[in-house]
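As a plain string of letters, each chain reads:
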Amino acid sequence: MSYVVRRVGQAVLVLVLAYTAAYLLLAALPGDAVLARYGSPELGLTPDQIEAIRQSLGADQPLIVQYARSIAGFLTGDFGYSVASGAAVSDLIVTALPPTLTLAVLGLALAVVLAVTIAFTATYGGGRLLRRVCRGIPPLFVSLPVFWIGIILIQVFSFRLGLVPVIGANPVQALILPVITLAIPIAAPLAQVLMRSIDEVREQPFVTVVRARGASTSWLLWRNVARNALLPTLTMAGLLFGELVGGAVVTETVFARAGIGQLTAQAVADRDTPVLLAVVVISTVAFVVINLIVDLLFPVLDARLRTAASARRGAVRADAAERAVDDLVDAEVGGPTRDLSRGGTA
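All of these numbers come straight from a predicted model, not from anything done at the bench.

Quick look at the overall build of the chain
When helices and strands are tallied, the chain shows 14 helices and zero strands. When the helices and strands of the chain are read in sequence order from the N terminus, they spell out α-α-α-α-α-α-α-α-α-α-α-α-α-α. The buried share of the chain, reckoned over its 346 residues, is 32%. By sequence separation, contacts in the chain at least 24 residues apart represent 68% of the contacts at least 6 residues apart. Counting every atom, the chain has about 20200 Å² of accessible surface; 67% of that belongs to carbon and sulfur.

A word on helix α8 (residues 173–202)
Under the 1.5 Å per step criterion, the end-to-end length of α8 is 41 Å for 30 residues, consistent within 8% with the ideal 44 Å. The principal kink in α8, of about 30°, is found at Ile-184, preceding the proline Pro-185 by one to four residues. Counting buried residues in α8 gives 21 out of 30 residues, a clear majority hidden from the surface.

With respect to a nonpolar patch on the surface
Taken together, the side chains of Phe-147, Trp-148, Ile-151, Ile-152, Val-156, Phe-157, Leu-161, Leu-163 and Val-250 present a nonpolar region at the surface, about 770 Å² in accessible area. At six residues, helix α7 (residues 146–160) tops the list of elements feeding residues into the nonpolar patch.

Points about the environment of Gln-192
Positionally, Gln-192 belongs in helix α8. Here the alpha-carbon distance between Gln-192 and Ile-137, two residues 55 residues apart in the chain, equals 9.4 Å.

Here we look at the packing of helix α5 (residues 89–124) against helix α12 (residues 260–270)
Interhelical geometry of α5 versus α12 gives an angle of 130° and a closest axis separation of 7 Å. Here α5 lies oblique to α12, going by the angle between them. Counting all contacts with α5, which are made through Leu-92, Ile-93, Ala-96, Leu-97 and Thr-100, the residues of α12 involved are Ile-260, Gly-261 and Leu-263.

Details of the packing of aromatic side chains
Per the stated rule, a full pass over the model turns up four aromatic pairs. Look at Tyr-19 and Tyr-67: their rings are 6.0 Å apart centre to centre, the planes differ by 45°, and that puts the pair in the tilted class. Taken together, the positions of Tyr-19 in helix α1 (residues 2–27) and Tyr-67 in helix α4 (residues 63–75) put the pair 48 residues apart, joining distant regions of the chain. With respect to burial, Tyr-19 and Tyr-67 carry one shared label: buried. Among the aromatic side chains, those forming a connected cluster through ring pairs are Tyr-19, Tyr-23, Tyr-67 and Phe-74.

Thoughts on the side chain of Ser-158
Summarising the element assignment, Ser-158 is placed in helix α7. A polar side-chain atom of Ser-158 sits 2.6 Å from the main-chain carbonyl oxygen of Val-164. If sequence neighbours within four positions are ignored, Ser-158 has contacts with Leu-153, Val-164, Pro-165, Val-166 and Leu-177.

Here we look at the nonpolar core
Formed by 33 residues in total, the largest nonpolar core has its most connected members in Leu-177, Ile-186 and Leu-244. Where this core is concerned, the elements lending two or more residues are α5, α6 (128–142), α7, α8 and α11 (241–254). Ranked by residues supplied to this core, first place goes to α8 with 14 residues. With residues up to four places along the chain from it excluded, the contact list for Leu-177 reads Leu-153, Ile-154, Phe-157, Ser-158, Val-164 and Phe-255. Membership of the second largest hydrophobic core comes to 19 residues, among which are Leu-26, Val-89, Ala-96 and Ile-260.

Topic: the environment of Asp-272
For Asp-272, the location among the structural elements is in the loop between α12 and α13 (273–301). Classification of Asp-272 by relative accessible area gives buried; the value is 3%. In this structure, Asp-272 is in contact with Ser-82, Val-83, Ala-84 and Ala-267, ignoring residues within four places of it in sequence.

Details of the confidence of the model for the chain
Summary statistics for the chain give a mean pLDDT of 75 and a share of 74% for residues scoring 70 or more. When mean pLDDT is compared element by element in the chain, α7 scores highest at 87, while helix α14 (residues 303–333) scores lowest at 50. Across residues 314–318 the pLDDT falls below 50, and counting only partners more than four positions away or on other chains, this stretch makes zero contacts in the model. Low pLDDT, under 50, characterises residues 337–346; the predicted model gives this stretch 18 contacts beyond four residues in sequence or across chains.

Brief notes about the packing of α5 against α8
Running from N to C, α5 and α8 cross one another at 40°; their axes reach a closest spacing of 5 Å. In terms of axis orientation, α5 runs oblique to α8. Considering the relative orientation of α5 and α8, their crossing is right-handed. The residue makeup of the contact of α5 with α8, split by class, is 28 nonpolar, three polar and two charged.

Regarding α7
For α7, which comprises 15 residues, the first-to-last C-alpha distance of 20 Å matches the rise-based estimate of 21 Å (1.5 Å per residue) to within 8%. Looking at α7, one finds that the buried residues are Val-146, Ile-149, Gly-150, Leu-153, Ile-154 and Ser-158. One or two steps after α7, the chain reaches Gly-162, where phi turns positive at roughly 70°.

What counts, and where the lines are drawn
Residues numbered from 1 in each chain as written. Predicted model: local features only at pLDDT ≥ 70, side-chain atom pairs only at ≥ 80, totals over all residues. Heavy atoms only, no water. Helix = DSSP H or I, 4+ residues; strand = E, 2+ residues; numbered from the N terminus. Buried < 20%, exposed > 50% of the residue type's maximum accessible area, 1.4 Å probe, protein only. Contact = heavy atoms within 4.5 Å. Areas by Shrake-Rupley, 256 points an atom, 1.4 Å probe, with all protein chains shown as cover. Expected span 1.5 Å × (residues − 1). Bend = angle between axes of the 7 residues up to and from the residue. Patch = residues over 30% accessible without salt bridge, like charges linked within 9 Å, V, L, I, M, F, W, Y side chains within 5 Å. Salt bridge = Lys/Arg side-chain N within 4 Å of Asp/Glu carboxyl O. Axes fitted to C-alpha atoms, helices over the stretch in contact; angles between N-to-C directions. Parallel < 35°, antiparallel > 145°, perpendicular 65-115°, else oblique. Phe/Tyr/Trp six-rings, centres within 6.5 Å; stacked < 30°, edge-to-face > 60°. Polar contact = N/O pair within 3.5 Å; in protein donor to acceptor, adjacent residues only side chain to side chain. Core = buried A, V, L, I, M, F, W, Y, C linked by side-chain atoms within 4.5 Å. pLDDT = per-residue confidence, 0-100. Left-handed = near helix turned anticlockwise from the far one by under 90°. Nonpolar A, V, L, I, M, F, W, Y, C, P; charged D, E, K, R; others polar.

Below, the structure is given as structure tokens:
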């Protein structure tokens, strides 16, 4: 229970610090979003009218007051209003979030499949050349920018081969290339960590014992090696979620998909601080929650952590009981009777 409380407390602290840093950085950006949106001569607004708009948005108040109101609003689900469109930021997020979540979940699933396939082929592949090629794929994938992958996929599969249409595609076809674009950079580090973990687990003594007992390669792989090698990969998958969110933003921009990415790009162009702050906070919450789940799953997946925790709790309880007995004896005899072997007095 103390482990869970400590992890949850750390997650809340990270959220508070991330929100504060994002708010201060966005507030320090040069320019006035209200003036940029409503100061155009074509609108014909007077300075007094622009000041009234600034007051209605609360932009004329001190920074600390705006910060406190912003935190209170976020805690109640009120993200404020967009400076550019005047719409409620929560409505914009609700509209843009489902397409991005669909893209992110499918991209992560495909990345895991690619990573497992590459890692297991590189380790247990049928030929030496095949294993060497698979070990060289992750460093290549890591070095490829997301936007470049998307452009190449469009050029090859849409314009050259005509396999996946870019214009007039149905919902399923519209997801194929973006999902592949998002999955490739995520699969590379996952495959690297998984290959390294498999190599380390294969050198463990228990693997030699299981192999000596006549276990087949498939049994050894799925029942012994894979279960132990997947733990570091699970940690890496949680850490890569931040990159998954960033990649989704770039991918949606390249493929002109409606979602959080397009909303963020438009907010940056309009200097729409409330929308940007909401996107940053939601991305941070998702990242922290995913990593918190991974941390809480580790004791469930790794029995050694549960055993170590139980041993520590047992040692603490034993020490506390021993101290209680010593205190009771001291009270009975009227003086300290600590065991000399434990550095006490008699």
